Amino acid sequence: MNKKDFPWLYDAEYMSYVGGLLETPEVQKLNEFTHHYISTRLLHSLNVSYTSYKISKKFGWNKKATARAGLLHDLFYYDWRETKFAEGSHAYVHPRIAYQNAQKLTTISKLEKDIIIKHMWGATIAPPRYKESFIVTFVDDYVAIKEWTQLMKMKWKHHKLFKKEKLS
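The name given to the protein in an unreviewed UniProt entry is HD domain-containing protein, with the source organism recorded as Pseudolactococcus laudensis.

(A) Inspection of the overall build of the protein at higher detail. Counting secondary structure elements, the protein contains seven helices and two strands. Reading the protein from its N end, one meets helices and strands in the order α-α-β-β-α-α-α-α-α. Restricting the contact set of the protein to residue pairs at least 6 apart, pairs at least 24 apart contribute 61%. A total of about 10000 Å² of accessible surface is found on the protein, and carbon and sulfur atoms cover 58% of it.

(B) Structural detail: the packing of aromatic side chains. Within this structure, the stated rule accounts for twelve aromatic pairs. Summarising the aromatic geometry, the rings of Y14 and Y53 are spaced 5.1 Å apart at their centres and angled 55° between planes, so their arrangement reads as tilted. Residue Y14 is found in helix α1 (residues 12-22), and its partner Y53 is found in helix α3 (residues 41-59); the two are separated by 39 residues along the sequence. Overall, the relative accessible area of 0% leaves Y14 in the buried class. Measuring from ring centre to ring centre gives 6.2 Å for Y17 and Y53, while their planes differ by 70°; the resulting arrangement is edge-to-face.

(C) Inspection of the nonpolar core at higher detail. Core analysis: the biggest nonpolar cluster contains 31 residues, and Y14, L71 and L72 have the highest contact counts within it. Beyond its immediate sequence surroundings of up to four residues, L71 is in contact with V18, L21, L22, V27, L42, S45, L46 and S49.

(D) Layout of the layout of surface pockets. Empty space within the largest pocket amounts to approximately 440 Å³. Lining the largest pocket we find 17 residues, and of these D5, W8, N47, K146 and Q150 sit closest to its centre. At the level of secondary structure, the elements contributing two or more residues to the lining of the largest pocket comprise α3 and α7 (131-167). Each residue belonging to the lining of the largest pocket can be placed in one class, and the counts come to eight nonpolar, four polar and five charged.

Thresholds applied
Residues numbered from 1 in each chain as written. Predicted model: local features only at pLDDT ≥ 70, side-chain atom pairs only at ≥ 80, totals over all residues. Heavy atoms only, no water. Helix = DSSP H or I, 4+ residues; strand = E, 2+ residues; numbered from the N terminus. Contact = heavy atoms within 4.5 Å. Areas by Shrake-Rupley, 256 points an atom, 1.4 Å probe, with all protein chains shown as cover. Phe/Tyr/Trp six-rings, centres within 6.5 Å; stacked < 30°, edge-to-face > 60°. Buried < 20%, exposed > 50% of the residue type's maximum accessible area, 1.4 Å probe, protein only. Core = buried A, V, L, I, M, F, W, Y, C linked by side-chain atoms within 4.5 Å. 1 Å grid on protein atoms, 1.4 Å probe; cavity = no way out; pocket = protein on both sides within 12 Å on 5 of 7 lines; lining within 4 Å. Points joined across faces, edges and corners; volume = space filled by probe spheres on them. Nonpolar A, V, L, I, M, F, W, Y, C, P; charged D, E, K, R; others polar.

Written as structure tokens, this is what we have:
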């Protein structure tokens, strides 16, 4: 493992906030789920968590709550492309499921609850209450777009390679 690909592993302060959570089987299980087609849910959550933590740290905001809630924001164990809910869309339901699952792992503060529950703001109506919640919301969108862009680059590269092979 190198620092460029997994910078959070080399950040002692960040790991002091999330290291215990990362070691739990419940969080490790997120590695079994593909997320946004190119990532695992665990890697996606780590990217959201660490980027949000760095922003909160830079501005002097609550970096611990941001790191923890960023890691736990997608703590659910189903394929969102297949599972449907009577209560509403995945965008509405999964933050509540993630919050319930997070409560089983650790004590969740009011700030962490708001971050987890409101991280889909934009796709849902209720706006975040705290600046840290906005950070995780926007970083989650940024990371999702970054993952989608990587997928499109791979598809385009494969498409070009496939065309070259066809022409030969």
